Amino acid sequence: MAAYTVDVYAFFVNGADHGSNTLRVKQDIQKANEVWNDCVTFQLKGVTTSKRRVNAGSISSDYVLIHPTIEALFQEAQTLEGHKTGIYVLYLSGEYLAPGRGKKVVGVGGTELVSFQNEDDYELTGRILLTEKAAGRYTLAHELGHVLFTRYDAKRAALIQDDPSGPYIYPSGRQNPGHNNDKRNLMYPVSPSERPRITGRQCHTARNSKLTRRQKGI
């Protein structure tokens, strides 16, 4: 029997003390594992802080992960952890990102392409940003899905984040390939308040992520 694990590194810039930081991320990891426990297990490997204070309200939700301030913070976090492979979760102060791509955005998830040799041989780093309003929700679990669904699509010659059980279909008929149409599914655009579910296809894709480690004999 094999176990599938993903390493998570938390990075706080909200000036909170180490004890409350650790408690917050442990609660988020616990909620994520409630959803994903039959598929993959998330392991907290580090909690670090920055001297900088960045309020989410000063960062537009448009292309947030390539915002210069956010990019610099992720680089700082990865440097502190020795650029280990895993998913880095950046915690900002403030309730919401500034309006842009969406309103009242509390979480964003994506990846950085570290190296690429071919469609089978490439390396990723996961990046997730959370605001204070994401606390106590399944937001981290949802954003982890976006990260773990990132894979290279040879037909499109690009990295994609498509939900393998998606897409979400708007009333207008427009489709959102990164989300799910089932209101109880973790990848519904607004994460369910009660324990969400994932599908077999979603699990299969997550287990095959470049960020997931397969450990035999456990």
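The structure under discussion appears in the preceding block.
Quantities reported herein were computed from a predicted structural model and do not represent experimental measurements. (Residues numbered from 1 in each chain as written. Predicted model: local features only at pLDDT ≥ 70, side-chain atom pairs only at ≥ 80, totals over all residues. Heavy atoms only, no water.)

Colleague: Looking at this structure, I do not really get the pairing of strand E4 (residues 107–116). What am I missing?
Modeller: Each regular strand shows side chains that alternate between the opposite faces of the sheet. Of the strand pairs in this sheet, E4 and strand E5 (residues 122–130) are connected by 9 bridges, and their pairing is antiparallel. Its bridge partner being in E5, Glu112 is matched across the sheet by Thr125. The antiparallel pairing of E4 with E5 creates a hairpin that spans 5 residues between the two strands. (Pairing = 2+ DSSP bridges. Helix = DSSP H or I, 4+ residues; strand = E, 2+ residues; numbered from the N terminus.)

Colleague: Is there a simple way to think about the layout of surface pockets in this case?
Modeller: As a volume, the largest pocket reaches approximately 1,200 Å³. Arg101, Val105, Gly107, Glu143 and His179 are, among the 40 residues lining the largest pocket, the residues nearest its centre. Those elements giving two or more residues to the lining of the largest pocket turn out to be E4 and helix H3 (139–148). The dominant element in the lining of the largest pocket, judged by the number of residues it contributes, is E4, at 6 residues. Grouping the amino acids of the lining of the largest pocket by side-chain chemistry returns 15 nonpolar, 16 polar and 9 charged. The computed volume of the second largest pocket comes to approximately 170 Å³. Around the second largest pocket, the lining residues are Glu119, Asp120, Tyr122, Leu148, Thr150, Arg151, Tyr152, His204, Thr205, Asn208, Ser209 and Lys210. Residue assignment for the lining of the second largest pocket shows that the elements contributing at least two residues are strand E6 (151–153) and helix H4 (200–207). Considered class by class, the residues forming the lining of the second largest pocket number 3 nonpolar, 5 polar and 4 charged. (1 Å grid on protein atoms, 1.4 Å probe; cavity = no way out; pocket = protein on both sides within 12 Å on 5 of 7 lines; lining within 4 Å. Points joined across faces, edges and corners; volume = space filled by probe spheres on them. Nonpolar A, V, L, I, M, F, W, Y, C, P; charged D, E, K, R; others polar.)

Colleague: Help me understand the pattern of salt bridges in this model?
Modeller: Pairing of side chains with opposite charge becomes possible as their charged atoms draw close. This structure, assessed with the given rule, holds 7 salt bridges. Ionic pairing is found between Arg24 and Asp28, a salt bridge with its closest N-O pair at 3.3 Å. A residue pair is termed a helical-turn pair when its members lie 3 or 4 positions apart in one helix, as Arg24 and Asp28 do in helix H1 (residues 18–36) at 4 residues. One salt bridge connects Glu112 with Arg127, and the closest N-O pair in it is separated by 3.3 Å. Pair noted here: Glu112 is in strand E4 and Arg127 is in strand E5, with a separation of 15 residues, a long-range link. A residue is classified by how much of its surface remains accessible, and Glu112, at 23% relative accessible area, is partly exposed. Its relative accessible area of 4% is what places Arg127 among the buried residues. When salt bridges with common partners are traced through the structure, they connect Glu71, Glu112 and Arg127 into a single cluster. (Salt bridge = Lys/Arg side-chain N within 4 Å of Asp/Glu carboxyl O. Buried < 20%, exposed > 50% of the residue type's maximum accessible area, 1.4 Å probe, protein only.)

Colleague: Would you take a moment to explain H4 for this structure?
Modeller: An α-helical turn contains 3.6 residues, so a residue and the one three or four places further along point in the same direction. Within H4, burial applies to Gln202, Cys203, Thr205 and Ala206. Buried residues of H4 fall within an arc of 165° about the axis and therefore sit on the same side. Projecting away from the buried face of H4 at angles above 90 degrees are the exposed residues Gly200, Arg201 and His204. For H4, the secondary structure elements touched by its buried residues are H1, H3 and E6. (Arc of directions from axis to C-beta. Contact = heavy atoms within 4.5 Å.)

Colleague: Looking at this structure, I do not really get the state of the cysteines. What am I missing?
Modeller: Working definition: the covalent bond between the sulfur atoms of two cysteines is a disulfide. Following the criterion strictly, the structure yields 1 disulfide and no others. Between the sulfur atoms of Cys39 and its disulfide mate Cys203 the distance is 2.2 Å. Because the torsion about its S-S bond is 105°, the bridge between Cys39 and Cys203 counts as right-handed. Within this pair, whereas Cys39 is found in the loop between H1 and strand E2 (41–49), its partner Cys203 is found in helix H4, the two being separated by 164 residues in sequence. Residues Cys39 and Cys203 agree in their burial class; the two are buried. (Disulfide = S-S within 2.5 Å.)

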